[in-house]
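# Breakdown of the fold
These are the residues of each chain, in order.
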Amino acid sequence: MPPDINQIEEERKGRLSQARNIAKLGKDAFDASHGSPKAILSLGKRFGKHWPIIAIAALFDLFALIPFVSVVVNICFGAILFMYFGKKRIISGVVLPIGILSVFDFIFSLLPVNIATAIIRIALKETVG
């Protein structure tokens, strides 16, 4: 007995609907990964949203101008960043920048380590969420 025409049409509709859903998911994934212009904040808005932590970073950088105290001040500011942003991306957002830049700050003592770390952490937070 030949297959029912309605059944064949229903199967085709189901496959077409499934293909459309997959295409829509692919488009949504592409838009999310490449960032639509509306979803990406401008640089000024991004840093303006976190101005208190940048101001505190500047204050801690002033205290870090004192030789041999700078590393301790940088570690204290790292703890503040940890409390401000939370555990997400702690290694790449706080520990690595503070650690690496503190080594150079110990030698030169003029680097704005805390501001640089705050900017790195803000950039990571806004790109990841």
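Shown above is the structure to which this text applies.
In this report, we go over the structure that sits alongside the text. What you are looking at is a predicted structure, and each value in this text was computed from that prediction instead of being measured. (Residues numbered from 1 in each chain as written. Predicted model: local features only at pLDDT ≥ 70, side-chain atom pairs only at ≥ 80, totals over all residues. Heavy atoms only, no water.)

What follows deals with a nonpolar patch on the surface. A cluster of nonpolar side chains, namely F68, I91, V95, L96, I100, V103, F104, F106, I107, F108 and L111, defines an oily patch on the protein surface of about 1100 Å² accessible area. Along the chain, the position of F68 falls in the loop between α3 (51-63) and α4 (70-85). Judged by relative accessible area, which is 64%, F68 ranks as exposed. (Patch = residues over 30% accessible without salt bridge, like charges linked within 9 Å, V, L, I, M, F, W, Y side chains within 5 Å. Areas by Shrake-Rupley, 256 points an atom, 1.4 Å probe, with all protein chains shown as cover. Salt bridge = Lys/Arg side-chain N within 4 Å of Asp/Glu carboxyl O. Helix = DSSP H or I, 4+ residues; strand = E, 2+ residues; numbered from the N terminus. Buried < 20%, exposed > 50% of the residue type's maximum accessible area, 1.4 Å probe, protein only.)

On to the side chain of S102, then. Relative to the helices and strands, S102 resides in helix α5 (residues 90-108). When neighbours within four sequence positions are excluded, S102 is seen to be in contact with V71, N74, P97 and V113. (Contact = heavy atoms within 4.5 Å.)

Another point: the pattern of salt bridges. All told, the structure shown has two salt bridges when counted by the stated rule. Here E9 makes a salt bridge to R12, at a shortest N to O gap of 3.6 Å. Highlighted residues: E9 and R12, both in helix α1 (residues 5-34), separated by three residues, approximately one helical turn. Classification of R12 as partly exposed rests on a relative accessible area of 48%.

Time to look at the packing of aromatic side chains. Between two aromatic rings, the relevant description is the distance of the centres plus the angle of the planes. A full pass over the atoms with the stated rule returns two aromatic pairs. When the centroid spacing of 5.6 Å and the interplanar angle of 50° are considered together, the rings of F60 and F77 count as tilted. Taken together, the positions of F60 in helix α3 and F77 in helix α4 put the pair 17 residues apart, joining distant regions of the chain. For the residue pair F60 and F77, the accessibility class agrees, reading buried in each case. Ring centres 4.7 Å apart and planes at 90° place the aromatic pair Y84 and F85 in the edge-to-face group. (Phe/Tyr/Trp six-rings, centres within 6.5 Å; stacked < 30°, edge-to-face > 60°.)

The biggest cluster of nonpolar side chains holds 14 residues, and the ones touching the most others in it are I53, F77, L81 and I122. When contributions to this core are tallied by element, the ones reaching two or more residues are α3, α4, α5 and α6 (113-128). When residues in this core are grouped by element, the largest group, four residues, is from α4. (Core = buried A, V, L, I, M, F, W, Y, C linked by side-chain atoms within 4.5 Å.)

Our next topic: α3. The end-to-end C-alpha distance of α3, which contains 13 residues, comes to 19 Å, matching closely the 18 Å that a straight helix rising 1.5 Å per residue would cover. I53, A57, F60 and D61 are the residues of α3 that are buried. Taken down its axis, α3 places every buried residue within 105° of arc, on the same side. Opposite the buried face of α3, by more than 90 degrees, sit the exposed residues W51 and L62. (Expected span 1.5 Å × (residues − 1). Arc of directions from axis to C-beta.)

Between two packed helices, what matters for the description is the angle formed by their axes and the separation of those axes. Relative to each other, α3 and α4 sit at 165°, their axes nearing to 9 Å. Here α4 runs roughly antiparallel to α3, going by the angle between their axes. The hand of the α3/α4 crossing is right-handed. Seen from α3, the contacting residues are I53, I56, A57, F60 and F63; seen from α4, they are V73, C76, F77, I80, L81 and Y84. Taken together, the residues of the contact of α3 with α4 sort by class into 11 nonpolar, no polar and no charged. (Axes fitted to C-alpha atoms, helices over the stretch in contact; angles between N-to-C directions. Parallel < 35°, antiparallel > 145°, perpendicular 65-115°, else oblique. Left-handed = near helix turned anticlockwise from the far one by under 90°. Nonpolar A, V, L, I, M, F, W, Y, C, P; charged D, E, K, R; others polar.)

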